[in-house]
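Structural overview for review
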Amino acid sequence: MATEIQPIFETARLRLRPCTERDLDGLHAAVGDPEAMRYWDGPLYADRDETARLLRWLMKPNLYSHVGWAVAGREDDACRGFVNYHHRESRDRRLEVGYILAPRYWRQGLMTEAMIPFLKHCFETLKTHRAEAYIDPGNLASCRLIEGLGFKRESGVIRDRWRIDDSYRSAVLYARLDTD
Ligand SMILES: CC(C)(COP(=O)(O)OP(=O)(O)OC[C@H]1O[C@@H](n2cnc3c(N)ncnc32)[C@H](O)[C@@H]1OP(=O)(O)O)[C@@H](O)C(=O)NCCC(=O)NCCS
């Protein structure tokens, strides 16, 4: 159900809506897939129980820190992945964005399509001034996506930003301002 915190966004092919328990399989096809999680800021969700914990977190949006939307097909309503903002700092009008799709949906322009209304919501409704994305520099798909959405790379490599089990993953910072 749409709420003020979480309106529904419709595009030609997609519906971005609050997550429900029925999204478990679709979500697990994304966050339980080693290829999709290759550059993620945390470890693979190894089984459905772990994905169910993520789903419960996504189902408890918090306007002041994180809100996630299921990216579902407009026709079949099946979850293909999610987009979210997190680390929202309202005082600074800043937040970070995240996104993932299950591999079978890649390279069809779907995440670009999903991000356009989502970012419009961040900038216009939430009055965000600065949206950030931290991305593993090896993640060409994500770098290309975010550049296409008007983000600019602002940093060199930020070493070992994320802990993934027993190792660390580095990142580069991208950002887009509402004035860009
Ligand atoms: C990143 C991701 C969401 C992109 O989704 P997508 O729906 O395939 O992206 P789009 O089809 O909208 O493509 C956006 C741009 O990226 C390019 N692109 C997509 N995948 C690419 C790849 N593997 N290599 C190079 N470029 C790629 C597209 O060509 C397009 O560029 P263009 O606008 O210049 O034509 C998807 O690859 C994914 O879920 N990856 C795993 C999760 C992840 O890494 N999330 C980001 C963490 S920071």
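Below you will find a few notes about this structure. (Residues numbered from 1 in each chain as written. Predicted model: local features only at pLDDT ≥ 70, side-chain atom pairs only at ≥ 80, totals over all residues. Heavy atoms only, no water.)

1. Concerning the pattern of salt bridges
Within this structure, the stated rule accounts for 15 salt bridges. Notably, a salt bridge pairs Arg-48 with Asp-25, separated by 2.2 Å at the nearest N-O pair. Of this pair, Arg-48 sits in helix α2 (residues 48-58) while Asp-25 sits in helix α1 (residues 24-31), placing them 23 residues apart in sequence. Here Arg-48 falls in the partly exposed class, since its relative accessible area comes to 41%. Where Glu-35 meets Arg-38, a salt bridge forms, and the shortest distance between an N and an O atom there is 3.9 Å. Sharing partners across several salt bridges, the network here consists of Glu-10, Arg-15, Arg-17, Asp-23, Arg-74 and Asp-77. (Salt bridge = Lys/Arg side-chain N within 4 Å of Asp/Glu carboxyl O. Helix = DSSP H or I, 4+ residues; strand = E, 2+ residues; numbered from the N terminus. Buried < 20%, exposed > 50% of the residue type's maximum accessible area, 1.4 Å probe, protein only.)

2. Looking at the layout of surface pockets
The volume enclosed by the largest pocket comes to roughly 1300 Å³. If you trace the largest pocket, you find 40 residues lining it, with Tyr-99, Ile-100, Asn-139, Ser-142 and Leu-145 closest to the centre. Those elements giving two or more residues to the lining of the largest pocket turn out to be α2, β4 (79-89), β5 (94-101), α3 (110-125), β6 (130-135), α4 (140-148) and β8 (158-164). Across the lining of the largest pocket, the residue classes tally to 22 nonpolar, 10 polar and eight charged. (1 Å grid on protein atoms, 1.4 Å probe; cavity = no way out; pocket = protein on both sides within 12 Å on 5 of 7 lines; lining within 4 Å. Points joined across faces, edges and corners; volume = space filled by probe spheres on them. Nonpolar A, V, L, I, M, F, W, Y, C, P; charged D, E, K, R; others polar.)

3. Points about the packing of aromatic side chains
Throughout the structure, instances matching the rule amount to four aromatic pairs. Plain terms: the ring middles of Trp-40 and Phe-82 are 6.1 Å apart, the flat faces sit at 80° to each other, and that makes the pair edge-to-face. Taken together, the positions of Trp-40 in the loop between α1 and α2 and Phe-82 in strand β4 put the pair 42 residues apart, joining distant regions of the chain. Here the basic side chain of Arg-161 rests over the ring of Tyr-134, its NZ or CZ set 3.7 Å away from the ring centre. (Phe/Tyr/Trp six-rings, centres within 6.5 Å; stacked < 30°, edge-to-face > 60°. Lys NZ or Arg CZ within 6 Å of the ring centre and 35° of its normal.)

4. Side note on the site of the ligand
In the vicinity of the ligand there are 19 residues, among which Tyr-99, Arg-107, Gly-109, Thr-112 and Asn-139 approach most closely. Between the ligand and Thr-112, the relevant distance is 2.6 Å, taken from an oxygen atom to a side-chain nitrogen or oxygen of the residue. In isolation the ligand has 930 Å² of accessible area, and contact with the protein removes 78% of it. The site holding the ligand turns out to be the largest pocket. Looking at the shell around the ligand, the elements that each hand over two or more residues are β5, α3, β6 and α4. Per element, the largest residue contribution to the shell around the ligand is four residues, and it comes from α4. For the shell around the ligand, a count of residues per class yields 12 nonpolar, five polar and two charged. (Near = heavy atom within 4 Å. Polar contact = N/O pair within 3.5 Å; in protein donor to acceptor, adjacent residues only side chain to side chain. Areas by Shrake-Rupley, 256 points an atom, 1.4 Å probe, with all protein chains shown as cover. Sits in = over half its atoms within 2 Å of the grid points.)

5. Describing the packing of α1 against α2
Contact pair α1 / α2: the axes reach a minimum separation of 10 Å and the direction vectors enclose 110°. It follows that α1 is roughly perpendicular to α2 by the angle criterion. For the pair α1 and α2, the contacting residues are Leu-24, Asp-25, Leu-27, His-28 and Val-31 in the first and Arg-48, Thr-51, Ala-52, Leu-54, Leu-55 and Leu-58 in the second. When the residues that make up the contact of α1 with α2 are grouped by side-chain class, the tally is seven nonpolar, two polar and two charged. (Axes fitted to C-alpha atoms, helices over the stretch in contact; angles between N-to-C directions. Parallel < 35°, antiparallel > 145°, perpendicular 65-115°, else oblique. Contact = heavy atoms within 4.5 Å.)

6. Comments concerning the state of the cysteines
Taken as a whole and judged by the stated rule, the model has zero disulfides. Counting only cysteine sulfurs, Cys-19 is the nearest neighbor of Cys-122, a cysteine outside any disulfide, at a range of 15 Å. Given a relative accessible area of 0%, Cys-122 falls into the buried group. Cys-143 takes part in no disulfide bond, and the closest cysteine sulfur to it belongs to Cys-122, at a distance of 19 Å. (Disulfide = S-S within 2.5 Å.)

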